[in-house]
Amino acid sequence: METPNLLPMGTEVLLMISLPDSQPRAPVMGKVVWVTPPDNRDGRPPAIGVQFVNDRSGVLMRIQNALSDLPRNDGEVLSF
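Rules behind the numbers
Residues numbered from 1 in each chain as written. Predicted model: local features only at pLDDT ≥ 70, side-chain atom pairs only at ≥ 80, totals over all residues. Heavy atoms only, no water. Helix = DSSP H or I, 4+ residues; strand = E, 2+ residues; numbered from the N terminus. Rg over C-alpha atoms; globule rule 2.2 N^0.38 Å. Buried < 20%, exposed > 50% of the residue type's maximum accessible area, 1.4 Å probe, protein only. Contact = heavy atoms within 4.5 Å. Areas by Shrake-Rupley, 256 points an atom, 1.4 Å probe, with all protein chains shown as cover. Lys, Arg positive; Asp, Glu negative; His and termini not counted. Charge placed at Lys NZ, Arg CZ, Asp CG, Glu CD.

A. Here's a closer look at the overall build of the chain. Scanning the chain from N- to C-terminus turns up 1 helix and 3 strands. For the chain, the α and β elements follow one another from N to C terminus as β-β-β-α. In terms of C-alpha radius of gyration, the chain reaches 15 Å, well past the compact-globule figure of 12 Å for 80 residues. Each of the three principal axes of the chain carries a C-alpha extent, and together these read 35 × 35 × 20 Å. Taken across its 80 residues, the chain has 20% of its residues classed as buried. A separation threshold of at least 6 residues defines the contact pool for the chain, and within that pool the share at least 24 residues apart is 41%. Approximately 6,300 Å² of the chain is accessible, and the part contributed by carbon and sulfur atoms is 53%. The averaged location of the 9 negative side-chain charges in the chain is 6 Å from the averaged location of its 7 positive side-chain charges.

See the structure below:
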């Protein structure tokens, strides 16, 4: 996720996830697994990658359901 507040690798975070399914925001614990620094060669914005650690609220299933409702393009594969 794009952010100016870069966290160190391994940092545990609490995410509040909002999805277009009209359900309330759901909490999910995560861990920072990659960091894109502001001075990277590709010119990408600063960002962190977060891996879900404990998905008690079922957010991952809600994300999968939302993505499965999107139109499919030949040759593109989504996996979790």
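B. Up close: the environment of glycine 49. For glycine 49, the position within the fold is in strand E3 (residues 47-54). Setting aside residues no more than four positions away along its own chain, glycine 49 makes contact with Lys31, Val32, Val33 and Trp34.

C. Up close: the side chain of threonine 3. Following the sequence through the fold, threonine 3 ends up in the segment before strand E1 (12-17). The exposure class of threonine 3 is buried, given its relative accessible area of 13%. Excluding anything up to four places from it in sequence, threonine 3 contacts Pro46, Ala47 and Ile48.

D. Expanded view of the environment of proline 8. The residue proline 8 is located in the segment before E1 in this model. Each C-alpha atom of the pair proline 8 and valine 32 lies 7.0 Å from the other, and the pair is 24 residues apart in sequence.

E. Inspection of the side chain of threonine 36 at higher detail. Relative to the assigned elements, threonine 36 resides in strand E2 (residues 26-36). When sequence neighbours within four positions are dropped, the list of residues in contact with threonine 36 reads Leu6, Arg44, Pro45, Pro46 and Ala47.

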